[in-house]
Amino acid sequence: MQSFDVCVRGAGIVGRSLALALSRQGLAVALQAPESAAPAREDVRAYALNAASVALLEQLKVWPAIPASSRTPVYDMRVEGDRPAAVLRFSAWQQQVRELAWIVDAAVLEAELAAALRYAPHVQQVAEPVPAALLVLCGDDDVQTYALKGINPGRDKATAAARAVRGLAVFPEPVPEGGSDFNDLHQAAGLEAVRNIV
């Protein structure tokens, strides 16, 4: 049986990016995810990526593969509050950056990450968890549930699962306002913030 240095459980954009990044360091990576069913309808989701996320995708050779028609730069933002005068404006020009962020077609990004994984010699996709030198579980931190009920099922379950397999449970820190998981952290602070934890 093939041995692995790391088993990454979950093949969303965070798990796939992590597997690619670890494989580029020469680690043997098992990427475990459930069988994906065909989508019931067209995927119209989009990701907002900051500069750090784009830089990571460039390092992974994924960003150049995303067609220009599937990514849109954000140069200006206007955020309005409930009161008429409550307005915030952001400008790439004022911040002295090329763009504030990028809006990227989710399905295209996921497909390009999957394509990159097919050519990553140190990554093997598996259907079930496999023994590895380190099994990392990316858990939810249900801070809102804890505030309301005094329990944190995401953190408790991930910690228990990590103990059961002698792995490591990691959690998004800081937890973005209104969020609980690594996808929320990615949306708020970029893939680099996730990578720094994991």
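Because the structure is a prediction, the values reported are computed rather than measured.

Undergrad: What should I look at first to understand the environment of Arg-16 in this one?
TA: Assignment of secondary structure puts Arg-16 in helix H1 (residues 13-23). Given a relative accessible area of 18%, Arg-16 falls into the buried group. Between the alpha carbons of Arg-16 and Asn-183 there is a distance of 12 Å; along the sequence they are 167 residues apart. In this structure the side chain of Arg-16 is engaged in a polar contact, spanning 2.7 Å, whose partner is the backbone oxygen of Glu-110.

Undergrad: In this structure, what is going on with unusual backbone geometry? I would like to understand it.
TA: Most peptide bonds take the trans form, and the phi angle of most residues other than glycine is negative. Phi is positive for Lys-61, close to 65°, though the residue is something other than glycine. When you line up the elements, Lys-61 lands in the loop between helix H2 (51-59) and strand S4 (71-74). Taking the relative accessible area as the measure of exposure, Lys-61 reaches 57% and is therefore exposed. Phi angles above zero are rare outside glycine, and Gln-96 is one such case at about 60°. Inspection of the secondary structure puts Gln-96 in the loop between helix H3 (92-95) and strand S7 (101-105).

The rules behind each value
- Residues numbered from 1 in each chain as written.
- Predicted model: local features only at pLDDT ≥ 70, side-chain atom pairs only at ≥ 80, totals over all residues.
- Heavy atoms only, no water.
- Helix = DSSP H or I, 4+ residues; strand = E, 2+ residues; numbered from the N terminus.
- Buried < 20%, exposed > 50% of the residue type's maximum accessible area, 1.4 Å probe, protein only.
- Polar contact = N/O pair within 3.5 Å; in protein donor to acceptor, adjacent residues only side chain to side chain.

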